[in-house]
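The chain contents come next:
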Amino acid sequence: MRRLTLNAAALVVLVVMSFPVYWMFLTAFKPTRDIQSETPTFWPASPTLEHFATAVNAPGFWTFWRNSLLVTVVAVLLALLVALLAAFAVARMRWRGRGAFVVMVFAAQMAPWEALLVPVFIIARDTELLDSLAMLTGVYFMITLPFTIVTLRGFLAAIPLELEEAAQVDGCSRLVAFRRVVFPLLAPGLMATSLFGFITAWNEFAFVNVLIIKDQDKRTLPVWLSSFRDVFGTDWGATMAAASLFALPALLLFLFLQRRVGAGMTAGAVKG
């Protein structure tokens, strides 16, 4: 009975959380007359791709798509590289100030990023980096870095040090032991943190709205979606189609990593 109750509760949560996403995709395929109808329909009687064509052909769609993909991918890769080195130093080495550094990282993770909007804007203005994708990439890197360090530190701490020491006894240097033994075991952590970082940077709205002021071609998809209207009001079909296309990269990345997240669980743990 307890298991049945938990499964039923999980099913309810799944339906509640999935329904908005389902409604978004459903609206994207509905004809305009069905969207504006007073009677809701939960399945498109005559699916159409008209709204997707409208969204794709809208001015700036591909420019903003490229901007979002560029700043997100670069920020996540930089965060993974820096966080991997920092997490290794915290989890595997003993040095003065290590505890203070960990506390500082946790504090940075818990701080609300919205509180940094004004300081970041002043820094960007004084360094003449407003309307710059480089500044936006740096901000996204700053946002994703603390969580990446904390998560990778936990994964590294969970990997037995004896595996690395055994590889060094067999003649591997510390770098080679890390690459051949620790890094494959760390793959699930890298995938999980990269997914979180990608979704965080991909969906970010506030900083791009503050840092990109004059050059509208430097904005990203979230800001473009918020202003996707025509002279008659909001085109809900095209808006939902654009939102579906916006959500597609994160969804595909999740499905891609989900199949491979267990690939590194035991790789490298067996000698030879």
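These lines cover the structure that appears in this document, whether it is placed above or below. Not measured: the values here are computed from a predicted model.

1. Remarks on a nonpolar patch on the surface
The grouping of Leu248, Leu251, Leu252, Phe254 and Leu255 at the surface amounts to a nonpolar patch, some 420 Å² of accessible area in total. By the secondary structure assignment, leucine 255 is in helix α12 (residues 236–260). The partly exposed category is assigned to leucine 255, whose relative accessible area is 40%.

2. Regarding helix α6 (residues 117–126)
Listed as buried for α6 are Leu117, Val120 and Ala124. For α6, the buried positions fall inside an angular range of 70° around the axis, keeping them on one side. Exposed and oriented more than 90 degrees from the buried face of α6 are Val118 and Asp126. Residues of α6 that are buried make contact with α7 (133–158) and α10 (206–211). Just past α6, the residue glutamate 128 takes up positive phi, approximately 60°.

3. Quick notes on the packing of aromatic side chains
Summed over the entire model, instances satisfying the criterion amount to 17 aromatic pairs. Between the aromatic rings of phenylalanine 64 and tryptophan 224, the centroid separation amounts to 6.5 Å while the plane-to-plane angle is 45°, which identifies the pairing as tilted. Of this pair, phenylalanine 64 sits in helix α4 (residues 61–92) while tryptophan 224 sits in helix α11 (residues 221–226), and the two are 160 residues apart along the sequence. With a relative accessible area of 9%, phenylalanine 64 lands in the buried category. Assessed through its relative accessible area of 8%, tryptophan 224 is described here as buried. Measuring from centroid to centroid gives 5.5 Å for phenylalanine 198 and tryptophan 202, while their planes differ by 15°, and the two rings are stacked. You can see phenylalanine 198 and its partner tryptophan 202 sitting in helix α9 (residues 174–203), four residues apart, about one turn around the helix.

4. Examining the layout of surface pockets
Empty space within the largest pocket amounts to approximately 460 Å³. Lining the largest pocket we find 15 residues, and of these Val21, Met24, Asn203, Ala247 and Ala250 sit closest to its centre. Going through the elements one at a time, α1 (2–29), α9 and α12 are the ones with two or more residues in the lining of the largest pocket. If you tally residues by element for the lining of the largest pocket, the top one is α12, at seven residues.

The rules behind the values
- Residues numbered from 1 in each chain as written.
- Predicted model: local features only at pLDDT ≥ 70, side-chain atom pairs only at ≥ 80, totals over all residues.
- Heavy atoms only, no water.
- Patch = residues over 30% accessible without salt bridge, like charges linked within 9 Å, V, L, I, M, F, W, Y side chains within 5 Å.
- Areas by Shrake-Rupley, 256 points an atom, 1.4 Å probe, with all protein chains shown as cover.
- Salt bridge = Lys/Arg side-chain N within 4 Å of Asp/Glu carboxyl O.
- Helix = DSSP H or I, 4+ residues; strand = E, 2+ residues; numbered from the N terminus.
- Buried < 20%, exposed > 50% of the residue type's maximum accessible area, 1.4 Å probe, protein only.
- Arc of directions from axis to C-beta.
- Contact = heavy atoms within 4.5 Å.
- Phe/Tyr/Trp six-rings, centres within 6.5 Å; stacked < 30°, edge-to-face > 60°.
- 1 Å grid on protein atoms, 1.4 Å probe; cavity = no way out; pocket = protein on both sides within 12 Å on 5 of 7 lines; lining within 4 Å.
- Points joined across faces, edges and corners; volume = space filled by probe spheres on them.

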